[in-house]
Amino acid sequence: MSQDTTTASKPQLQKTNSISSGILENGSAKVVIEHLNAFYGTKQVLHDINMAIRDKTVTAIIGPSGCGKSTLLRTINRLHELKRNARVEGRVLLDNRDIYAPDVNPVVVRRRIGMVFQKPNPFPNMSIYDNVIAGLKLQGIRDKAILDPIVERTLKVVGLWDEVKDDLKRRGTELSGGQQQRLCIARAIAVEPEVVLMDEPTASLDPAATAIIEDLIRDLRKQYALIVVTHNMQQAARVSDHTAFLFNGKLIEYGPTRRVFEKPEQSLTEQYITGRFG
Amino acid sequence: MIEERASNGFGKDSYTSSRHWKTRLNIDRIMFFVTAACFLLVLIPLFSILFQVFYNGLRAFKFAVLLNEGGSPVSTISGIRHAITGTIYATLIGSAIGIPAGIIVGTYLAEFGNNSFADILRIIINTMVSIPTIITGVVVWAFVVTRVGHFSVLAGGIALGLIMIPLVARTTEEMIMLVSPIYIEAGYALGLTRMRNTISIVLANASKGIASGVLLAVARIMGETAPLLFTAFFSQASPSNIFDPAATLPVLIYNYAISPFEYWQGLAWIAAMVLILLNLDILFITRLMFPETHQSD
Amino acid sequence: MANEKNTANSLLNSLASSDLSAKSLADKWFAPAMYLLGAGIPLVLSFLYLFTLIKESWLAITAFGLRLFTQTSWDPIQNNYGVFTFIYGTLVTSFIAIIISLPLGIMVATFVYEYVPPNLRVTVRNSLDLLAGIPSVIYGLWGIFVLIPFLKRSVYPGLGVVFPPVQSAIGNSIFSASIVLSIMIMPILVSIIVEGFDTVPQSLREAMYGLGATRWEVTKHVVVGTTKPTIAAATLLALGRALGETMAVTMVIGNSNNPPSSFFAIFEPGQTISSLLANEFSEASGALYLSTLFELALVLLVLTSIVNILGILIVKRLKQSYGGQ
């Protein structure tokens, strides 16, 4: 796992580039998706997705509901395959290493890719403190001298420290919805992932809480490759560097957010963005 | 912030190389087999019981056993007919008490029970379901047997009926709750009175589920032993009327199993086989009638 | 659920048979009768149980007071009764059964819910239901002729090497009764725990997977972690069942009224409250003897009811909290 058996080859990257124009101009890909097909039983939900995602950027995935956005996100940390009858074909490269290679354990992959869900889901049986360190505990880190500073720092990153520092022993589920979601982000980044996936992270939040999370997303970009699924186009425009438009399980358009929104190349994208369907 | 990341000592590499990963993944694999082994361990008694009952039951079986009344352990023609008759008597009496009373209580809870008084009743009923059945035997002895003056299959049936009431009440309420309120409202909208609506809409629609729950309750009381020990007691002849003491299959199994006579022990196995077959039949019929319910207590 | 055509028919039938203009006498009395019977039956029954047991045991209660529970001698001939032995037998058999069953039950529930493919789950459930449906006297029969010979032949000799008191173990003992009990309470334990696992939101599991947890870690930290109250309720309800179980215990425990030789006398014959009742109630002669047995029945009723009500209340509270989500 540690040694880079560089299985990714240049030609395929080039092909990817032809779809996702302008993504890799000044940098290398953190995640590369190649010929990805995903299925539930015999029903195909993703068709031949190819895209490269840059490090330290925010990539938004937009599209009407049921277009496969969430599925695409969940193939990147191999969560998709946990569902019944779910199946994936193709490759997803993380730092040029195929995470679907037979010798790769999905558990190891998920450790390197954090995820934030649609509804805030702090573990109800754990305190705020324990929620933040849940992932670290899995790795066998029990030393409070190591954990305490991490909790403080992580909660500061998500802007929760001042609000909860005096009652870290409280249950995570006792916080407000927006606070819970920030706690979940803290939980995801406490294990120092390389990529953070967010599945409609503000879908269940009020506008004020949404604004805080959006600020946080822009902030986190300095450290991580963020991939954010959203059904809210304004949100995509506000927070992302690159935008991918998905329709009926196919990647229709993918490029720098400004270009996608201002000068979409595909008429389908234009129709969606201007609100003619969705 | 970015500088700090590198310094916390468990950055990018510790997790990829460490033995820790291997241990965790191995524990995961091992636990699959451990839980599977636990499951098999739990199934062993089930299969052993079923196998032994049929093996020993069939080994001792002859048709005469089902036709002959009880008798001494040395006469090898005595049978278990008296116990089958007794079980039928006791179960019928129990059902005659338990089914109507249980359905009334269950209907009351479902239709009129949207208040805290009914909540207390529910707790009482759930507690009654789990009262050790031997206590019911003791109570019925004090209340019925001492009054009648001797053991009787009637007293046994009453004990079984008392055990059945909360079982039937619970299942009735559950099944009525499954009836879609649309039908009930439709009934009222058509001007049906509360009684008509309850009987022709609510109970009619829940009848299948209630019937399956009732059958399970019948199966349950048919296998009860403890409440019959001091009520129906035992006898070596079929009861001629409900005031006679009577043998039942479960009590016969108990009495004969702890007896020193091999022939009687054989009869106990046969009785167990008959009882399990009756039980399985009812379970099977219930599943056929109403595949969605699978409740047990 | 309900067949629409049937419903339509029954609606029409009831319309045809009911005169809409007049409320019949039966209609008028329907609601009051339902209140009277529906609420009356459970109340009268519970009163009947309590009243009968208290009335019949009054003689013993006044004669012995609390001394009854500390005394160990059970002597119908001298008319002197102490029930410590039976309380000990009841509690010890049940606790050992729980100690054996609870970890096993959690493992089985884990296997059934988290590891078995959903299409196999029905079969698994059916076999557990079957196990629950076997009459307890058949467990006893199996205990006498299959389990005890097996324990004596294959388990006790080996266990005796590690734990010397077992060497003197005879088949019919408190420990054998505990094993039978542990088998009998397994279905109730597993079915309630599985129900609890079912209420754990999938997104919590996914959150833990997302942090890089293995399936076992998800089960341990999230699934079992969040269902602890359910597991407690399952334990209480199983304990209630074990405390009151009569026939299977009576047939394998050895029915000895001798006080336990030591605090941990589980490899010798014993007696539980219910097995004592099964053995002696129908032959008890003398008012005080009988009254003492009634008092034991009352103790058993109170004991199991407390345990069960606690379990029921936890389940109720859980249902409400999940219903509110």
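Preceding block: the structure.
Please read all numbers here as calculations on a predicted model, not as lab measurements.

Peer 1: Help me get a handle on the overall build of chain A, residues and values and all.
Peer 2: Check the secondary structure of chain A and you find 12 helices and 10 strands. Counting over 278 residues, chain A shows a buried share of 58%. A sequence separation of at least 24 residues applies to 69% of the contacts in chain A between residues at least 6 apart. Within the structure as shown, chain A displays about 11200 Å² of accessible surface, and the carbon and sulfur contribution to it stands at 48%.

Peer 1: Any details on the nonpolar core? Residues and values, ideally.
Peer 2: The biggest cluster of nonpolar side chains holds 243 residues, and the ones touching the most others in it are Ile33 of chain A together with Ile138 and Met208 of chain C. The element best represented in this core is helix H7 (residues 174-198) of chain C, accounting for 17 residues. In this structure, this core is formed jointly by two domains, domain 1 (17-60) and domain 2 (63-289) of chain B, each of which donates at least three residues. Contact partners of Ile138 of chain C, with chain neighbours within four places excluded, come to Ile49, Val53, Ile253, Ala272, Leu275 and Ile276 of chain B.

Peer 1: Hey, could you go over the sheet that holds strand S4 (residues 86-94) of chain A for me, with residue numbers and the actual values?
Peer 2: Residues and elements named next belong to chain A. Reading across from one edge, S2-S1-S4-S5 is the order of the four strands in this open sheet, with antiparallel pairing throughout. Sheet topology places strand S2 (43-54) and strand S5 (97-98) at the edges, where each strand pairs with a single neighbour. In the packing of helix H2 (residues 69-76) onto the sheet, contacts are made with strand S1 (29-40), S2 and S4, and the angle to S1 comes to roughly 120°.

Peer 1: Mind laying out a positive patch on the surface, listing which residues take part and the relevant values?
Peer 2: Residues Lys137, Arg142 and Lys169 of chain A together with Lys220 of chain C make up a contiguous surface patch of positive charge. Its place among the elements puts Arg142 of chain A in the loop between helix H5 (134-138) and helix H6 (144-157).

Peer 1: Please set out a nonpolar patch on the surface residue by residue, giving values where relevant.
Peer 2: Residues and elements named next belong to chain C. Residues Val161, Val162, Phe163, Phe263 and Phe264 make up a contiguous nonpolar surface patch of about 610 Å² in total accessible area. Along the chain, the position of Val162 falls in helix H6 (residues 136-162). Since its relative accessible area comes to 69%, Val162 is described here as exposed.

Peer 1: Can you explain the environment of Ala63 of chain C? Please cite residues and give values.
Peer 2: Following the sequence through the fold, Ala63 of chain C ends up in helix H2 (residues 25-64). Taking the C-alpha atoms as reference, Ala63 of chain C lies 61 Å from Asn119 of chain C; in sequence the two are 56 residues apart.

Peer 1: An account of the pairing of S1 of chain A is needed here, citing residue identities and associated values.
Peer 2: Residue and element names in this part refer to chain A. Of all 12 residues in S1, 10 are buried, a share of seventy percent or more. Direction of pairing for S1 relative to S2: antiparallel, over a ladder of eight bridges. What sits directly across from Val31, in S2, is Ile53. Connecting S1 to the antiparallel partner S2 that follows it, the hairpin turn spans two residues, and Gly41 within it adopts a positive phi of roughly 60°. For S1 and S4, the ladder comprises eight bridges, and the chain directions are antiparallel. Bridge pairing in S4 places Phe39 opposite Arg87.

Peer 1: Now, about the sheet that holds strand S3 (residues 58-62) of chain A: what can you tell me, with residues and values included?
Peer 2: Residue and element names in this part refer to chain A. Pairing is mixed across the open sheet formed by six strands, whose spatial order is S6-S7-S8-S3-S9-S10. In the strand order of this sheet, the two ends are held by strand S6 (113-116) and strand S10 (250-256), each with one partner. Sheet twist, expressed as the mean angle between neighbouring strand axes with direction ignored, is 15°. Here strand S9 (residues 242-247) runs beside S10; their pairing, made up of six bridges, is antiparallel. What sits directly across from Phe245, in S10, is Glu253. Running at roughly 150° to strand S8 (residues 225-229), helix H9 (residues 207-220) makes contact with S3, strand S7 (195-199) and S8 of the sheet.

Peer 1: Any details on the packing of helix H4 (residues 84-115) of chain C against helix H10 (residues 228-244) of chain C? Residues and values, ideally.
Peer 2: Residue and element names in this part refer to chain C. The interhelical angle for the contact between H4 and H10, taken along N-to-C directions, is 140°, at an axis separation of 9 Å. By the angle class used here, H4 and H10 are oblique. For the pair H4 and H10, the sense of crossing is right-handed. Mapping the contact onto sequence places Thr90, Leu91, Ser94, Phe95, Ile98, Leu102 and Ile106 in H4 and Ile231, Thr235, Ala238, Leu239, Ala242 and Leu243 in H10.

Peer 1: Help me get a handle on the interface of chain B and chain C, residues and values and all.
Peer 2: In this complex, chain B contributes 93 residues to the contact, which on the side of chain C involves 91 residues. Summing both sides of the interface, chain B and chain C together bury roughly 8200 Å²; the carbon and sulfur share of this comes to 80%. The largest share of the area that chain B buries against chain C comes from Phe39, Val42 and Ile49 of chain B, three residues that together contribute 7% of it. Here chain B is connected to chain C by one salt bridge. Across the salt bridge formed by Glu217 of chain C and Arg24 of chain B, the nearest N and O atoms sit 2.7 Å from each other. Viewed at the interface, chain C and chain B are joined by seven residue pairs in polar contact (both at pLDDT 80 or more). The element contributing the most residues to the side of chain B that touches chain C is helix H3 (residues 19-60) of chain B, with 22 residues.

The rules we used
- Residues numbered from 1 in each chain as written.
- Chains lettered and ligands numbered in written order.
- Predicted model: local features only at pLDDT ≥ 70, side-chain atom pairs only at ≥ 80, totals over all residues.
- Heavy atoms only, no water.
- Helix = DSSP H or I, 4+ residues; strand = E, 2+ residues; numbered from the N terminus.
- Buried < 20%, exposed > 50% of the residue type's maximum accessible area, 1.4 Å probe, protein only.
- Contact = heavy atoms within 4.5 Å.
- Areas by Shrake-Rupley, 256 points an atom, 1.4 Å probe, with all protein chains shown as cover.
- Core = buried A, V, L, I, M, F, W, Y, C linked by side-chain atoms within 4.5 Å.
- Domains from an automatic or database assignment.
- Pairing = 2+ DSSP bridges.
- Axes fitted to C-alpha atoms, helices over the stretch in contact; angles between N-to-C directions.
- Patch = residues over 30% accessible without salt bridge, like charges linked within 9 Å, V, L, I, M, F, W, Y side chains within 5 Å.
- Salt bridge = Lys/Arg side-chain N within 4 Å of Asp/Glu carboxyl O.
- Lys, Arg positive; Asp, Glu negative; His and termini not counted.
- Charge placed at Lys NZ, Arg CZ, Asp CG, Glu CD.
- Parallel < 35°, antiparallel > 145°, perpendicular 65-115°, else oblique.
- Left-handed = near helix turned anticlockwise from the far one by under 90°.
- Buried area = accessible area lost by both parts, 1.4 Å probe.
- Polar contact = N/O pair within 3.5 Å; in protein donor to acceptor, adjacent residues only side chain to side chain.

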